Amino acid sequence: EAGVAQSPRYKIIEKRQSVAFWCNPISGHATLYWYQQILGQGPKLLIQFQNNGVVDDSQLPKDRFSAERLKGVDSTLKIQPAKLEDSAVYLCASSPGLSYEQYFGPGTRLTVT
Amino acid sequence: GENVEQHPSTLSVQEGDSAVIKCTYSDSASNYFPWYKQELGKGPQLIIDIRSNVGEKKDQRIAVTLNKTAKHFSLHITETQPEDSAVYFCAASNRDKIIFGKGTRLHILP
């Protein structure tokens, strides 16, 4: 079974630029999550999708972050404009449904200079 | 909202000894408690989980215990090996939300 795929693996941008991350979940998984993991901390949930609907985006900084999950499969997370404090690893995870085990992708390491 | 505290932040144990990591949570509605292992440059990997209708679960060298009354749960790794060196995260989840602890960096000393 293929795991969660993410791209790119690394990205370096200057502040005020925009960036987008892509996630392909495990086939058949209805629930998709985006997390932000700052160095030395645990993952923090940004947004959670059930199929192509948003379940929870309460911690997503909506003035600069956006996410979509078209057709209930792949998802993209965008930051525009980026700030220095957005430097982190962005993790995508998927699960068969709510309250089930989550499977994480390798993450995208973003550095904002 | 839910808050998860994890201790210790760093743990060093001699190879072959046991390691214990403890977490507490605040939301009594939480009913699912997974543990993840994260190696350098990789995403977290689920190693064991427990649901609130169970007090203990074991899988080979790894065990998790849950005390719902006290709102704490623990990860136990026995006969530690070099490949156990990693960062471990606990988490607490109800139907709507999952909150992670800040992680424990486990060092296995030769």
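The structure displayed is predicted, hence computed values, not measured ones.

### As for the interface of chain B and chain A
For step 1, the next point in the chain: At the interface, 19 residues of chain B touch 19 residues of chain A.
For step 2, the next point in the chain: Each partner contributes to the roughly 1500 Å² buried at the junction of chain B and chain A, and carbon and sulfur atoms together form 49% of this total.
For step 3, the next point in the chain: Sorting the residues of chain B by area buried against chain A places Pro-44, Arg-95 and Phe-100 of chain B first, and these three jointly supply 27% of that buried surface.
For step 4, the next point in the chain: Linking chain B to chain A there are zero salt bridges.
For step 5, the next point in the chain: One can count three residue pairs in polar contact (both at pLDDT 80 or more) joining chain B with chain A.
For step 6, the next point in the chain: Counting only elements with at least two residues in the side of chain B that touches chain A, the list comes to strand S4 (32-38), strand S5 (45-51) and strand S10 (98-100) of chain B.
For step 7, the next point in the chain: Residue classes in the side of chain B that touches chain A are distributed as seven nonpolar, five polar and seven charged.

### A closer look at the pattern of salt bridges
For step 1, the next point in the chain: For the coordinates displayed, the defined rule picks out six salt bridges over all chains.
For step 2, the next point in the chain: One salt bridge in this structure joins Asp-86 of chain A and Arg-64 of chain A, with 2.5 Å as the shortest N-O distance. In this pair, Asp-86 of chain A sits in the loop between strand S8 (75-79) and strand S9 (88-95) while Arg-64 of chain A sits in the loop between strand S6 (53-56) and strand S7 (65-68), placing the two residues 22 residues apart along the sequence.
For step 3, the next point in the chain: According to the relative accessible area criterion, Arg-64 of chain A is buried, its value standing at 12%.
For step 4, the next point in the chain: We note a salt bridge from Arg-61 of chain B to Asp-84 of chain B, for which the minimum N-O separation is 2.9 Å. On the criterion of sequence distance, the pair formed by Arg-61 of chain B in the loop between strand S6 (56-59) and strand S7 (62-67) and Asp-84 of chain B in the loop between strand S8 (72-77) and strand S9 (86-93) is long-range, its members being 23 residues apart.
For step 5, the next point in the chain: Exposure remark for Asp-84 of chain B: the relative accessible area of 6% places this residue in the buried category.
For step 6, the next point in the chain: One salt-bridge network, in which partners are shared between bridges, spans Lys-37, Glu-39 and Lys-42 of chain B.

Conventions adopted
- Residues numbered from 1 in each chain as written.
- Chains lettered and ligands numbered in written order.
- Predicted model: local features only at pLDDT ≥ 70, side-chain atom pairs only at ≥ 80, totals over all residues.
- Heavy atoms only, no water.
- Contact = heavy atoms within 4.5 Å.
- Buried area = accessible area lost by both parts, 1.4 Å probe.
- Salt bridge = Lys/Arg side-chain N within 4 Å of Asp/Glu carboxyl O.
- Polar contact = N/O pair within 3.5 Å; in protein donor to acceptor, adjacent residues only side chain to side chain.
- Helix = DSSP H or I, 4+ residues; strand = E, 2+ residues; numbered from the N terminus.
- Nonpolar A, V, L, I, M, F, W, Y, C, P; charged D, E, K, R; others polar.
- Buried < 20%, exposed > 50% of the residue type's maximum accessible area, 1.4 Å probe, protein only.

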